[in-house]
Amino acid sequence: GGILKKAREISILCGAQVALIVVSSTGKVYDFCSPSTPLVEILDRYHGSSENRLWDPKHEYLSNEVKRIKKENDSMRIKLGHLKGEDVNSLHLNELIPIEEALQDGLDGVRAKQAELLKILKKNGRALEDENKRLAYILHHQQIAMDENKREMENGYHEREEYASQMPFAFCVQPMQPNLHQKK
């Protein structure tokens, strides 16, 4: 605790950039870094001025790769800004032509996709209209059948009694005594 306190005091009183890392015998890590400077910056300065190597070649390669990707990312952000129309006044004519072509290609792709989706929507719309017509036809016939059933129920059996006198009545007698039909 005392050494961390001294590091803070040196940082404040002397205006020095101080970084302190202490690892105890139990494995607990204590650290302090001057509030005005990030730890990474202090370590990079130490690495550049000291013979001691903090990073092995693999870490050095990864650090360089991160820097390269950050530069590439910044470049891509600038290009994206140009595609959005930001800061195009500073560009020359030969830089504007590829941007215009890229935008035109993108616009053509968007229009093609819109046309494709519109075609699918129209096809689905026609299918829904056909299904609606089919269901309306079925509903209409079911409504007619229900109306007929309703009329029959309202009229009751009176209609059937009127038709009953016109219907033929037939039956067949079954012999109960088989010897009556036999010739002797």
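Residues numbered from 1 in each chain as written. Predicted model: local features only at pLDDT ≥ 70, side-chain atom pairs only at ≥ 80, totals over all residues. Heavy atoms only, no water.

Draft legend 1. Highlighting unusual backbone geometry. You will see that D87, though not glycine, has its phi angle at about 55 degrees, which is positive. Here D87 is to be found in the loop between helix 3 (57-83) and helix 4 (93-155). (Helix = DSSP H or I, 4+ residues; strand = E, 2+ residues; numbered from the N terminus.)

Draft legend 2. Inspection of the UniProt feature "domain: MADS-box" (unreviewed entry) in the protein chain at higher detail. When the UniProt feature table is mapped to this numbering, "domain: MADS-box" (unreviewed entry) covers residues 1-36. Taken end to end, residues 1-36 comprises 36% helix and 28% strand; its first and last C-alpha atoms sit 21 Å apart. (UniProt positions renumbered as here; feature names shortened; annotations may be inferred.)

Draft legend 3. Quick look at the nonpolar core. Judged by nonpolar contacts, L4, A7, V18, L20 and F32 together constitute the single largest core of five residues. If we ignore the near neighbours within four places in the chain, the residues touching L4 are L20, Y30, D31 and F32. (Core = buried A, V, L, I, M, F, W, Y, C linked by side-chain atoms within 4.5 Å. Buried < 20%, exposed > 50% of the residue type's maximum accessible area, 1.4 Å probe, protein only. Contact = heavy atoms within 4.5 Å.)

Draft legend 4. Quick peek at the pattern of salt bridges. Taken as a whole and judged by the stated rule, the model has five salt bridges. Measuring nitrogen to oxygen at the nearest pair gives 2.9 Å for the salt bridge that ties E72 to R68. Here E72 pairs with R68, and both are found in helix 3, just four residues apart, close to one helical turn. E72 sits in the partly exposed class, given a relative accessible area of 44%. Classification of R68 by relative accessible area gives partly exposed; the value is 41%. Across the pair E131 and R134 runs a salt bridge whose closest N-O atoms are separated by 2.8 Å. (Salt bridge = Lys/Arg side-chain N within 4 Å of Asp/Glu carboxyl O.)

Draft legend 5. Spatial organisation of the pairing of strand 1 (residues 19-23). Looking at chain direction, strand 1 and strand 2 (residues 29-33) are connected through five bridges and run antiparallel. Looking at strand 2, one finds that A19 is bridged to C33. (Pairing = 2+ DSSP bridges.)

Draft legend 6. Representation of the confidence of the model for the protein chain within the structure. Here the protein chain averages 82 in pLDDT, and 82% of its residues register 70 or above. Within the protein chain, helix 4 carries the highest mean pLDDT (92), whereas helix 5 (residues 158-164) carries the lowest (51). (pLDDT = per-residue confidence, 0-100.)

Draft legend 7. Just the side chain of S34, in detail. By secondary structure assignment, the location of S34 is in the loop between strand 2 and helix 2 (39-49). The class for S34 is buried, based on a relative accessible area of 2%. A polar contact of 3.2 Å, which involves the side chain of S34, links it to the side chain of S11. In this structure, S34 is in contact with S11, A16, Q17 and V18, ignoring residues within four places of it in sequence. (Polar contact = N/O pair within 3.5 Å; in protein donor to acceptor, adjacent residues only side chain to side chain.)

Draft legend 8. A look at the environment of V22. The topology assignment puts V22 in strand 1. The exposure class assigned to V22 is partly exposed, which follows from its relative accessible area of 29%. Taking C-alpha positions, V22 is 9.0 Å from L4, a pair spaced 18 residues apart along the chain. What V22 contacts, discounting residues up to four positions off in sequence, is I3, K28, V29 and Y30.

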